[in-house]
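As a plain string of letters, each chain reads:
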Amino acid sequence: MAAPAASAASAAPAAARGSAPPVLALSALTWSVGAVTIVEDVELAVGEGELLALIGPNGAGKTTLFNLVSGVTRPSAGAVLLDGRPVHRLPPHRRARLGIGRTFQSSSVFPTMTVAEHVDLAARAVGARRVAAAEVAGVLERVRLAHRGAEPAGGLSHGDKRKLELAMLLASTIHREGPRLMLLDEPMAGVAAEEVDELTEVIRWLHRTEGRTLLMVEHHMDVVLDLADRIAVLHHGVLLAHGDPTTVMADPEVQRAYLGEAL
């Protein structure tokens, strides 16, 4: 197997290499079921303000890795550190309070609740005070849904539901800084082709303009190459390569892992 394209430390932004720890660090992260190892000895870091895309063939262990980071699953070995603090023994709600926010592959909204009510509910979950309508509108503006606030969420297109999920993650910024790390699990899954560009621009805004730190699983390689600062490739639960997009996508081991799929 070829050596990784670049180490996490060498490829991370300068801010992450200074005195402050990376926002997320995975140390020898492993999860096994019986004799079967699903994720094995993964070492990876995500620096402040970085967008790291996690890619790999179906069944590579990407969603399992997200589950390990967010707390849905406890690791068999290794550690998950948020801002240098071990969190791998904490339940999901404790990790969320510390700053790990996540979206899932399948959109989940309350069909009869309005778009604005979803954001209000998400904001109230992390703060006790009343949420002003202008504050909710401000969050919706950031994801390009300001004009849909009064509409039932069930009537949104799939792409707009994805934007609403991002708005609900951002709703915690009404009361505090907001999520330190945003985990986006296949944000383009099921999104119509004509909506991909706008959703991509929303994610770009969160990353480049607001400086959000994101770890994203995505199969749309044009989106990955457009957005990612670095790419990490997972294959059979093992970190195959990680580094800048050009170097990683040229790696022969990465090409073989995809069995000739266009990257």
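Relevant structure appears above.
About the cut-offs
- Residues numbered from 1 in each chain as written.
- Predicted model: local features only at pLDDT ≥ 70, side-chain atom pairs only at ≥ 80, totals over all residues.
- Heavy atoms only, no water.
- Helix = DSSP H or I, 4+ residues; strand = E, 2+ residues; numbered from the N terminus.
- Buried < 20%, exposed > 50% of the residue type's maximum accessible area, 1.4 Å probe, protein only.
- Contact = heavy atoms within 4.5 Å.
- Areas by Shrake-Rupley, 256 points an atom, 1.4 Å probe, with all protein chains shown as cover.
- Pairing = 2+ DSSP bridges.
- Polar contact = N/O pair within 3.5 Å; in protein donor to acceptor, adjacent residues only side chain to side chain.
- Axes fitted to C-alpha atoms, helices over the stretch in contact; angles between N-to-C directions.
- Core = buried A, V, L, I, M, F, W, Y, C linked by side-chain atoms within 4.5 Å.
- Parallel < 35°, antiparallel > 145°, perpendicular 65-115°, else oblique.
- Left-handed = near helix turned anticlockwise from the far one by under 90°.
- Nonpolar A, V, L, I, M, F, W, Y, C, P; charged D, E, K, R; others polar.

Draft legend 1. Region of interest: the overall build of the protein chain. In terms of helices and strands, the protein chain carries 11 helices and 10 strands. Scored against the burial criterion, the 263 residues of the protein chain give a buried share of 52%. For the protein chain, the proportion of contacts with a sequence separation of at least 24, taken over those separated by at least 6, is 67%. Roughly 11400 Å² of accessible area belongs to the protein chain as shown, and the carbon and sulfur atoms make up 55% of that amount.

Draft legend 2. Main features of the side chain of Thr73. Its location among the elements puts Thr73 in the loop between α3 (62–70) and β4 (77–82). The contact partners of Thr73, leaving out residues within four places of it in the chain, are Trp31, Asn67 and Leu68.

Draft legend 3. Region of interest: the pairing of strand β6 (residues 100–103). Of the two faces of β6, the one lined by Ile100 and Arg102 and the one lined by Gly101 and Thr103 are each fully buried. Direction of pairing for β6 relative to strand β7 (residues 181–185): parallel, over a ladder of 4 bridges. Looking at β7, one finds that Arg102 is bridged to Leu183.

Draft legend 4. Up close: the side chain of Arg162. Structurally, the position occupied by Arg162 is in helix α7 (residues 158–170). Overall, Arg162 belongs to the buried group, its relative accessible area being 2%. In terms of polar contacts, Arg162 uses its side chain to reach the backbone carbonyl oxygen of Pro187, at 3.1 Å. Beyond its immediate stretch of four places on either side in the chain, Arg162 contacts Phe104, Gln105, Ser106, Ser107, Glu186, Pro187, Ala189, Val191 and Leu199.

Draft legend 5. Spotlight on the pairing of strand β2 (residues 36–46). Relative to β2, strand β1 (residues 24–33) runs antiparallel, the two being bridged by 7 bridges. The residue bridging Leu26 from the neighbouring strand is Leu44, located in β2. With antiparallel pairing between neighbouring strands as the criterion, β1 and β2 make up a hairpin whose turn holds 2 residues, including Gly34 at a positive phi of roughly 65°.

Draft legend 6. Representation of the sheet that holds strand β8 (residues 214–217) within the structure. Taken in spatial order, the 6 strands line up as β6-β7-β8-β3-β9-β10 in an open sheet, and their pairing is mixed. Each having just a single partner strand, β6 and β10 (238–243) make up the two edges of the open sheet. For this sheet, the mean inter-axis angle between neighbouring strands, taken without regard to orientation, is 15°. Pairing of strand β3 (residues 51–55) with β8 involves 4 bridges; the strand directions are parallel. Bridge pairing links Leu52 to Leu215 in β8. Lying over the sheet, α3 contacts β3, β6, β7, β8 and β9 (230–235), oriented at roughly 150° with respect to β7.

Draft legend 7. Representation of the nonpolar core. Core analysis: the biggest nonpolar cluster contains 48 residues, and Leu166, Ile203 and Ile231 have the highest contact counts within it. Ignoring sequence-local partners within four residues, the contact set of Ile231 consists of Leu52, Ala53, Ile55, Val224, Leu225, Ala241, His242, Gly243, Pro245, Val248 and Met249. Listed in part, the 27 residues of the second largest apolar core include Leu44, Ile100, Ala232 and Leu239.

Draft legend 8. Highlighting the packing of α7 against helix α8 (residues 193–209). Relative orientation of the contacting elements α7 and α8 amounts to 15°, with a least axis distance of 9 Å. Our classification of the angle between α7 and α8 gives roughly parallel. With respect to the hand of their crossing, α7 and α8 are arranged in left-handed fashion. Between α7 and α8, the contacting residues are His158, Gly159, Asp160, Arg162, Lys163, Leu166 and Leu170 on the first element and Glu195, Glu198, Leu199, Val202, Ile203 and Leu206 on the second. When grouped by side-chain class, the residues that make up the contact of α7 with α8 number 6 nonpolar, 2 polar and 5 charged.

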